[in-house]
Amino acid sequence: MGNLQSLDNRQAGLSKAELERMERRLKRLGRGEKELARSDFQMIPELAGNPFLPRIFEMYDTDGDGYMGAADLRALLESLTRLANEEERYHFAFRIYDADDDGFVSRADLLRQLTATNRRGLSSAQLEQIVSHTLAAYDTDGDGQLSFQEFRALLSASSTERNKSLAF
């Protein structure tokens, strides 16, 4: 879950000037076309190396064709501006993990995202153990998945733990 630090630590959204600059850059990356390919999206320096990039692209590629059209890009940029608000950051992170968009982060959703962001080379068994521990600790209603409030509690606890470790 520590991979969410890049989202969780964000202190401000994008200013209007930053948005306009990013929109121009996105248009350039799309080589003047009306759509931006996934490979073009991954070349944006501010986003390169972000383990959540494939899922973020998937979230905004509304027709699933591997390209973001103008409306998709606008929706993404508008979402990024709202990240200055802590509650919006929680909702954005929840959307990243809720891959099937059913309003819950299931065992499969957790495992999918942990597998996709596994930079430590953890085994499948270790990832399963993390998912089981996470659900045991934060699935307070025992339904086998995390609601938004349960997921928010997980992120809040992770943030608190990071802040404690930084204080020493």
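The structure presented is a predicted model; accordingly, all values stated were derived computationally and were not measured. (Residues numbered from 1 in each chain as written. Predicted model: local features only at pLDDT ≥ 70, side-chain atom pairs only at ≥ 80, totals over all residues. Heavy atoms only, no water.)

Engineer: Would you take a moment to explain the packing of helix α4 (residues 53-60) against helix α6 (residues 86-97) for this structure?
Structural biologist: Two numbers describe a pair of packed helices, the interaxial angle and the distance between the axes. It is at 9 Å that the axes of α4 and α6 come closest, and there the two elements cross at 95°. Taken as axis vectors, α4 and α6 run roughly perpendicular relative to one another. Seen from α4, the contacting residues are Arg55, Ile56, Met59 and Tyr60; seen from α6, they are Phe92, Arg95 and Ile96. Of the residues assigned to the contact of α4 with α6, the class counts are five nonpolar, no polar and two charged. (Axes fitted to C-alpha atoms, helices over the stretch in contact; angles between N-to-C directions. Helix = DSSP H or I, 4+ residues; strand = E, 2+ residues; numbered from the N terminus. Parallel < 35°, antiparallel > 145°, perpendicular 65-115°, else oblique. Contact = heavy atoms within 4.5 Å. Nonpolar A, V, L, I, M, F, W, Y, C, P; charged D, E, K, R; others polar.)

Engineer: It is not clear to me how helix α7 (residues 107-116) should be interpreted in this structure. Could you clarify?
Structural biologist: Because an α-helix completes one turn every 3.6 residues, residues spaced three or four positions apart along the sequence face the same direction. All of the buried residues in α7 are Asp109, Leu110, Gln113 and Leu114. The arc enclosing the buried residues of α7, seen along the axis, measures out at 125°, which places them on a common side. Exposed residues lying more than 90 degrees from the buried face of α7 are Ala108 and Ala116. On its buried face, α7 sits against α4, α6, β3 (105-106), α8 (124-138) and β4 (145-146). (Buried < 20%, exposed > 50% of the residue type's maximum accessible area, 1.4 Å probe, protein only. Arc of directions from axis to C-beta.)

Engineer: Looking at this model, I keep getting lost on the environment of Leu122. Mind explaining?
Structural biologist: Take Leu122: it is sitting in the loop between α7 and α8. The contact partners of Leu122, leaving out residues within four places of it in the chain, are Leu127 and Ile130.

Engineer: Help me out: how do you make sense of unusual backbone geometry in this one?
Structural biologist: Glycine aside, a negative phi is what most residues show, and trans is what most peptide bonds show. The backbone of Asp101 sits at a positive phi, close to 60°, despite the residue not being glycine. Note on placement: Asp101 falls in the loop between α6 and β3. Residue classification places Asp101 among the exposed positions, given a relative accessible area of 59%.

Engineer: I'm lost on the side chain of Glu150 in this one. Help?
Structural biologist: With respect to the element layout, Glu150 can be found in helix α9 (residues 148-167). Looking at Glu150, its side chain comes within polar contact range of the main-chain nitrogen of Ser147, at 2.8 Å. Beyond its immediate stretch of four places on either side in the chain, Glu150 contacts Tyr138, Asp139, Thr140, Asp141 and Gln145. (Polar contact = N/O pair within 3.5 Å; in protein donor to acceptor, adjacent residues only side chain to side chain.)

Engineer: Is there a simple way to explain the confidence of the model for the protein in this structure?
Structural biologist: If pLDDT is low for a region, its predicted coordinates should not be looked at in detail. In this model, the protein carries an average pLDDT of 81, and 77% of its residues clear a pLDDT of 70 or more. Confidence scores differ between elements of the protein, with helix α1 (residues 5-8) showing the lowest mean pLDDT of 38 and β4 the highest of 98. Predicted confidence for residues 1-12 stays below pLDDT 50, and this span has 30 contacts to residues more than four positions away or in other chains. Contacts of residues 163-168 to residues separated by more than four positions or lying in other chains number zero contacts, the stretch itself having pLDDT below 50. (pLDDT = per-residue confidence, 0-100.)

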